[in-house]
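Coordinate analysis (summary)
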Amino acid sequence: MNQKNLDLCKGLVKSSYIDQATQATSQYNKLVESLLTQRRLPDQGWSDKVIELFLEQVSMMDSNNFVENIGVGEREGRVFSGLVQKRHYGLSHGIGRSGDINEQQPKAAGSSLIQKLTNYLVLDAMKIAGFESDTIPSCLVLPMATGMTLALTMATLAQQKPQAKYVLWPRIDQKSCLKSIATAGLVPVPIENIVVGDLIKTNMDAIQEKISQLGRENILCIFSTTSCFAPRAPDDIVSISKLCKQENIAHIINNAYGIQDSKIVHNINQSCRQGRVDAFIQSTDKNFMVPVGGAIVASPNKDFIQAIGKNYPGRANGSPILDLFITLLSMGKDIWKTLLDSRKSLLPYFTESLTTLAKEFNERLLDTVSENKISFGITLSNLKTSTPPSLIGSKLFSRSCSGSRVIDLSSNKKNTVANIEFNNYGSHTDHYPPGSYLTIACAIGIEKQEIDIFIQRLRLVLKKELS
Ligand SMILES: *Cc1c(COP(=O)(O)O)cnc(C)c1O
């Protein structure tokens, strides 16, 4: 309530009570003022009630919610279902204008405000996670998941170098990566990785060779990947960035869930400082615990971010942005830091528990944890002959453990993805000497108790299936 209405209340309720209530209201207003002026995560997260109040107020700024509004256009933010209306806090105009996803929408001052604020909050969250100001002067949150955002980013790059069709792509066996290149109308050129001990690593020599072979003028970019399933290591993005700078080739980093790993963040900073990075893309759900549906594209080059925004055809749904906005306000700086810290500190606990368990069954933890700080694996070398490796995965799933993956290398298999044939698809390499394995991730939000229960269940499964 504004001051005038509060004063009017004094005609109905004791004025000392109203004064007290006014003070409480002003605490809420201070939180909002601080958000609008600082444009950072609140030190402590806001309560749900405060967030809802703010959203209801912001929602009243969109024309479909104006008290006296009559809409006579073809798109007036009408929403038939009360449930849908509630689910979106009455924000139905989406974001952007037809010419630019990042542009303010005249019919929707409230939605535009949320979009702007979300970009600021994400920037702040990423800086808290370790990104430097020069690495990330601006970012754009898009309501598409990582693969589509990668495709839009590469399609935007392609406008600047239309004759270049090739994307050099150190192999990562995650279908969306490869499909994003094909969707952008480009030609993926897989670079086979090298196996060093248990680790699968970037083959810099092969990249260099491919550049000479294809000609740098025909190569649109190198597409590297940071966060990935073990035993693949994050790509050597610092070397790739230096090479890209030297060869004048663009560089896109797929950083799907890398915000949560300070080592990856550090390497992205180094890459931007010492070499060439055109953009790095990360998933909202994998880093910020929101439903699937968004991605963040960031770049040391503000103009490129703008070009991507302008290349998005039409408006977009605002929900993934709203989810992130609510989440970041609710988390606040303290919980965001706690989540990052606790993931990091649970990693040694998780890998040690797994090492002990593996030993019980004469298996071992793959020696990859020094490089890949999110995903890791154990060998499956001693399965009963009657047990196909994939059975371990399905047994875990039926014991309500999701997210682990089994890579069956017991026989050589060929798979075709986006018209390219791969040997042993899923394992990031044609030939992996340690053989079949199981991967698991220590990802943001995981709790110690979940690790303990998983280890118990895995023990039960292995007891039955190992000889
Ligand atoms: C999750 C993931 C993707 C694809 O992400 P979507 O958000 O599903 O499009 C791409 N690459 C890697 C490495 C991933 O982990």
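Conventions and cut-offs
Residues numbered from 1 in each chain as written. Predicted model: local features only at pLDDT ≥ 70, side-chain atom pairs only at ≥ 80, totals over all residues. Heavy atoms only, no water. UniProt positions renumbered as here; feature names shortened; annotations may be inferred. Near = heavy atom within 4 Å. Polar contact = N/O pair within 3.5 Å; in protein donor to acceptor, adjacent residues only side chain to side chain. Areas by Shrake-Rupley, 256 points an atom, 1.4 Å probe, with all protein chains shown as cover. 1 Å grid on protein atoms, 1.4 Å probe; cavity = no way out; pocket = protein on both sides within 12 Å on 5 of 7 lines; lining within 4 Å. Sits in = over half its atoms within 2 Å of the grid points. Helix = DSSP H or I, 4+ residues; strand = E, 2+ residues; numbered from the N terminus. Nonpolar A, V, L, I, M, F, W, Y, C, P; charged D, E, K, R; others polar. Patch = residues over 30% accessible without salt bridge, like charges linked within 9 Å, V, L, I, M, F, W, Y side chains within 5 Å. Salt bridge = Lys/Arg side-chain N within 4 Å of Asp/Glu carboxyl O. Lys, Arg positive; Asp, Glu negative; His and termini not counted. Charge placed at Lys NZ, Arg CZ, Asp CG, Glu CD. Pairing = 2+ DSSP bridges. Axes fitted to C-alpha atoms, helices over the stretch in contact; angles between N-to-C directions. Buried < 20%, exposed > 50% of the residue type's maximum accessible area, 1.4 Å probe, protein only. Contact = heavy atoms within 4.5 Å. Domains from an automatic or database assignment. Buried area = accessible area lost by both parts, 1.4 Å probe. Parallel < 35°, antiparallel > 145°, perpendicular 65-115°, else oblique.

You'll find the protein entered in an unreviewed UniProt entry as O-phosphoseryl-tRNA(Sec) selenium transferase, with Polysphondylium violaceum given as the organism. Here the protein is described in UniProt, under the heading Catalytic activity (unreviewed entry), as follows: "O-phospho-L-seryl-tRNA(Sec) + selenophosphate + H2O = L-selenocysteinyl-tRNA(Sec) + 2 phosphate".

**Details of the site of the ligand**
Around the ligand, the surrounding shell consists of A145, T146, G147, Q174, S176, C177, S227, N254, A256, Y257 and K286. Here T146 contributes a side-chain N or O atom positioned 2.8 Å from an oxygen atom of the ligand. Relative to its unbound accessible surface of 380 Å², the ligand loses 85% to contact with the protein. A majority-of-atoms criterion places the ligand in the largest pocket. Those elements giving two or more residues to the shell around the ligand turn out to be α6 (146-160) and α7 (175-183). Partitioning the shell around the ligand into residue classes produces 4 nonpolar, 6 polar and 1 charged.

**Looking at a positive patch on the surface**
Together, R40, K127, K333 and K337 make up a positively charged patch on the protein surface. Checked against the element boundaries, R40 lands in the loop between α2 (15-38) and α3 (48-59).

**A closer look at the sheet that holds strand β3 (residues 187-191)**
If you trace the 7 strands from one edge of the open sheet to the other, you get β1-β9-β8-β7-β6-β2-β3, paired in mixed fashion. With partners counted over all chains shown, the strands left at the sheet margins are β1 (138-142) and β3, one partner each. Across the sheet, the axes of successive neighbouring strands diverge by a mean angle of 20°, strand direction being ignored. As paired strands, strand β2 (residues 166-170) and strand β6 (residues 219-225) are joined by 3 bridges and run parallel to one another.

**Some points on the pairing of strand β9 (residues 295-299)**
Counting buried residues along β9, 5 of its 5 residues qualify, which places the element largely inside the surrounding structure. Alternating residues of β9 divide into A295, V297 and S299 and I296 and A298, and every residue in both groups is buried. Pairing of β1 with β9 involves 5 bridges; the strand directions are antiparallel. Within β9, the residue paired with L142 across the bridge is A295. Pairing between strand β8 (residues 279-283) and β9: 4 bridges, direction antiparallel. Looking at β9, one finds that I281 is bridged to V297.

**Quick notes on the UniProt feature "binding site: pyridoxal 5'-phosphate" (unreviewed entry) in the protein**
UniProt feature "binding site: pyridoxal 5'-phosphate" (unreviewed entry): in the numbering of this structure it lies at R75. Tracing the chain through its elements places R75 in the loop between α3 and α4 (82-87). Ignoring any residue separated from it by four or fewer positions in sequence, one finds R75 in contact with H93, K107 and R315.

**Quick look at the domain arrangement of the protein**
Interfaces are frequently sized by the accessible area removed from exposure as the parts join. Examined at the domain level, the protein breaks down into domain 1 (3-93), domain 2 (109-330) and domain 3 (336-465). Each partner contributes to the roughly 1,900 Å² buried at the junction of domain 1 and domain 2, and carbon and sulfur atoms together form 69% of this total. A per-residue breakdown of the area domain 1 buries against domain 2 is headed by R39, L41 and I51, which together make up 29% of the total. The tally of links between domain 1 and domain 2 comes to 0 salt bridges. Here domain 1 and domain 2 share 8 residue pairs in polar contact (both at pLDDT 80 or more) between them. Per element, the largest residue contribution to the side of domain 1 that touches domain 2 is 5 residues, and it comes from α3. When the residues that make up the side of domain 1 that touches domain 2 are grouped by side-chain class, the tally is 12 nonpolar, 3 polar and 5 charged.

**Points about unusual backbone geometry**
The omega angle of the peptide bond from A230 to P231 is 5°, so this bond is cis rather than trans. With respect to the helices and strands, the residue P231 is situated in the loop between β6 and α9 (237-247). Not every positive phi belongs to a glycine, and M289 is a case in point at roughly 55°. Tracing the chain through its elements places M289 in the loop between α11 (284-288) and β9.

**A word on the pattern of salt bridges**
Under the criterion given, the structure shown has 16 salt bridges. The partner of R459 in a salt bridge is E360, with the nearest N and O atoms 2.7 Å apart. Placement of the pair is R459 in helix α15 (residues 448-465) and E360 in helix α13 (residues 319-360), with a sequence separation of 99 residues. Look at R459 and you get partly exposed, because its relative accessible area is 25%. Exposure remark for E360: the relative accessible area of 44% places this residue in the partly exposed category. When salt bridges with common partners are traced through the structure, they connect R171, D173, E192 and D430 into a single cluster.

**Quick word on the packing of α3 against helix α5 (residues 109-128)**
One way to put it is that α3 packs onto α5 with a least axis distance of 8 Å and a crossing angle of 130°. Taken together, the axes of α3 and α5 are oblique relative to one another. Contact residues: α3 offers F54, L55 and V58, while α5 offers G110, L113, I114 and L117. Looking at the contact of α3 with α5, its residues break down into 6 nonpolar, 1 polar and no charged.

**Observations concerning the environment of P42**
Topologically, P42 is positioned in the loop between α2 and α3. Measuring from C-alpha to C-alpha, the distance between P42 and L121 comes to 9.1 Å, with 79 residues separating the pair along the chain.

**Describing the UniProt feature "modified residue: N6-(pyridoxal phosphate)lysine" (unreviewed entry) in the protein**
Within the UniProt annotation, "modified residue: N6-(pyridoxal phosphate)lysine" (unreviewed entry) is assigned to K286. Along the polypeptide, K286 turns up in helix α11. The contact partners of K286, leaving out residues within four places of it in the chain, are A256, Y257, Q260 and I444.

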